[in-house]
Amino acid sequence: MRQPFSDVRTVMSADELIDLAFSRASKVEVKVAKRVPTIVKVKRKETARITSVKHVLVDRLMRTVEDMPMLGDLHPFYRELADVLVGVDRLKKSLGALKWAAEKIGEIADQCIWGMRGAKTITAAANIRREAYGRIASIIKQISGELDFLQEAREKLVELPSIDPEMATIVVAGYANVGKSTFVKAVSTAKPRVAAYPFTTKEVIVGHRDTVHGRCQIIDTPGLLDRPLSERNKMELQAITALKHLADAIVFMVDPSETCGYPLNSQVNLYREILGEFKDVPILKVLNKMDIASQSQVEEAKKGLSGDLFEAVSSQKKGTEEIFETALKLALA
């Protein structure tokens, strides 16, 4: 599945649109019989130029509008990501401005084309065409800011990773360096694809795996679920809200050896925060790096994380299959 914004094309600036439309209009040729009066030839050519400008601009503006997926029909995951990145209301406003401009340009062009019928001289015909150009250029300049915004939005939205919101999804959480990425790679049949979320300086790893139950996706989320919620900005909190629409099961990884660089109590506190934030999502607790954790460290971790625990050495693929199978069953359930 490709993410819904992947086909949105580059949005031209106001100056680029005006230059393109007038340049093409200047090259318009109109074939008329030699016996046709000069004024008629001129009026037909000026009419063709106005028509060309109208078609170029209306087509370009509406292409931008139609390229953008219907925001109301997006899966909540992608709709909230779009809101995080660019603001859905702002996006709707800008697209509405382009629709208005396209309609207005059509009206101006049609009015001037109608007025061209009454032109009695070559100068009058040229003046009508110039009037049309000026009014149309003014409309495009009025939406200059909207065009610039849509191009900036497009650059952010096309970079979103392609994630299937309808596919069974396991989200791997925990502090950085606890072995999340290693786990994702261990349980994925293919090399995970790395994609960057524009709202974080870190990366998201998306791994896929075919099972007897169909394909599932495993997502590592560094930068989203690896530090306390109290330390997050509004944008990151919104991103976590979006992630809630995706996770069918969570594998929460803890490094009891603390070689990840974070103390055990911080890892346990993060687990409790995620438990509260994802109340309706089943969570598997995993003690990773068991090959280097001491017995006392493991006992301490078990005290802090009461209940069922899984043990693993992701770097050696020990315990990873059992964890994946259990997480998949929870996700499917």
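Preceding this paragraph is the structure being described.
Note that this is a predicted model, so its numbers are computed, not measured.

What counts, and at which threshold
- All residue numbers here refer to positions counted from 1 along the written sequence of the relevant chain.
- This being a predicted model, a pLDDT of at least 70 is required before a residue's local features are given, and a value of 80 or more before pairs of side-chain atoms are given or counted; all residues contribute to the totals for chains, interfaces and linings.
- As a rule here, side-chain values come from all non-hydrogen atoms in the structure, and water together with hydrogens is ignored.
- Only runs of H or I of at least four residues qualify as helices and only runs of E of at least two qualify as strands under DSSP, and these elements are numbered from the N terminus.
- Exposed residues in this analysis have more than 50% of their type's maximum accessible area, buried residues have under 20%, and partly exposed residues fall in between, with area computed by a 1.4 Å probe over protein chains only.
- Polar contact is the term for a pair of N or O atoms within 3.5 Å; when the atoms are in protein, one must be able to donate a hydrogen and the other to accept it, and sequence-neighboring residues count only if both atoms are side-chain atoms.
- It only takes one pair of heavy atoms within 4.5 Å for two residues to be counted as in contact.
- To form a nonpolar core, buried Ala, Val, Leu, Ile, Met, Phe, Trp, Tyr and Cys residues must be joined to one another through side-chain atoms within 4.5 Å.
- Should a side-chain nitrogen of Lys or Arg be within 4 Å of a carboxyl oxygen of Asp or Glu, the pair is scored as a salt bridge.
- In the cavity and pocket records, a cavity denotes points on a 1 Å grid over the protein atoms alone where a 1.4 Å probe fits but cannot get out, a pocket denotes an open set with protein on both sides within 12 Å along at least 5 of 7 lines, and lining residues are residues with an atom within 4 Å of a point.
- Grid points are joined across faces, edges and corners, and a volume is the space filled by probe spheres set on the points.
- For helices, the fitted line uses only the C-alpha atoms of the stretch in contact; every axis is such a line through C-alpha atoms, and the angle between N-to-C directions lies from 0 to 180 degrees.
- Every angle not falling under 35 degrees, over 145, or within 65 to 115 is termed oblique; those three ranges are roughly parallel, roughly antiparallel and roughly perpendicular.
- Each residue receives one of three labels: charged for Asp, Glu, Lys and Arg, nonpolar for Ala, Val, Leu, Ile, Met, Phe, Trp, Tyr, Cys and Pro, and polar for the others, Gly being one of them.
- Like-charged residues within 9 Å of one another, or nonpolar side chains (Val, Leu, Ile, Met, Phe, Trp, Tyr) within 5 Å, are grouped into patches, provided each residue has over 30% relative accessible area and no salt bridge.
- Each accessible area is a Shrake-Rupley estimate made with a 1.4 Å probe; only the visible protein chains count as cover when residues are assessed.
- By the counting scheme adopted, Arg and Lys are positive, Glu and Asp are negative, and His together with the chain ends is not counted.
- By convention, charge coordinates are those of NZ in Lys, CZ in Arg, CG in Asp, or CD in Glu.

Caption draft 1: Seen up close, the side chain of glutamate 146. If you trace the backbone, glutamate 146 turns up in helix 6 (residues 144-157). Take glutamate 146: its relative accessible area is 13%, and that puts it in the buried class. A distance of 2.9 Å separates polar atoms of two side chains, one belonging to glutamate 146 and the other to lysine 93. Among all residues touching glutamate 146, those that are not within four sequence positions of it are Arg90, Lys93, Ser94, Ala97 and Leu98.

Caption draft 2: Summary view of the nonpolar core. One finds Phe5, Leu61, Leu91, Ile140, Leu157, Ile250 and Ile274 to be the most contacted residues of the largest nonpolar core, which totals 104 residues. Sort the elements by how many residues they give to this core and helix 4 (residues 88-116) lands first, with 12 residues. The residues touching leucine 91, leaving out its near neighbours within four places in the chain, are Met68, Leu71, Val86, Phe149, Leu150, Ala153 and Leu157.

Caption draft 3: Layout of the environment of arginine 44. For arginine 44, the location among the structural elements is in helix 2 (residues 38-67). Residue classification places arginine 44 among the partly exposed residues on the basis of a relative accessible area of 43%. Each C-alpha atom, one on arginine 44 and one on lysine 31, is 9.3 Å from the other, the two residues being 13 residues apart in sequence. The residues contacting arginine 44, other than those within four sequence positions of it, are Val30 and Val32.

Caption draft 4: Seen up close, the pattern of salt bridges. Under the definition given, this model contains 14 salt bridges. The partner of glutamate 107 in a salt bridge is lysine 104, and the shortest N-O contact between them spans 3.9 Å. Taken together, the residues span about one helical turn, with glutamate 107 and lysine 104 both in helix 4 at a distance of 3 residues. With relative accessibility at 40%, the residue glutamate 107 sits in the partly exposed group. Lysine 104 gets classed as partly exposed once you look at its relative accessible area, which sits at 32%. Note that glutamate 311 is salt-bridged to lysine 302, the shortest N-O span being 3.5 Å. We classify lysine 302 as partly exposed; its relative accessible area is 33%. Three or more residues are tied together by salt bridges with common partners; here these are Glu46, Arg49 and Arg129.

Caption draft 5: View of empty space enclosed by the protein. Evaluated as defined, the whole model comprises 1 cavity of 30 Å³ or more. The space that makes up the largest cavity amounts to roughly 50 Å³. Forming the walls of the largest cavity are Thr10, Val11, Met12, Leu17, Arg60, Leu61, Arg63, Thr64 and Leu147. Ranked by residue count, the leading element in the lining of the largest cavity is helix 2, at 4 residues.

Caption draft 6: Seen up close, the packing of helix 2 against helix 5 (residues 122-142). The N-to-C vectors of helix 2 and helix 5 enclose an angle of 10°; their axes lie 9 Å apart at closest approach. Here helix 2 is positioned roughly parallel relative to helix 5, judged by the angle of their axes. The segment helix 2 lies against helix 5, with Thr38, Ile39, Val42, Lys43, Glu46, Arg49, Ile50, Val53, Leu57 and Leu61 engaging Ile122, Ala125, Ala126, Arg129, Ala132, Tyr133, Ile136 and Ile140. When the residues that make up the contact of helix 2 with helix 5 are grouped by side-chain class, the tally is 13 nonpolar, 1 polar and 4 charged.

Caption draft 7: Fine view of a negative patch on the surface. Taken together, the side chains of Asp148, Glu152, Glu155 and Glu159 present a region of like negative charge at the surface. As for its position among the elements, glutamate 155 is in helix 6.

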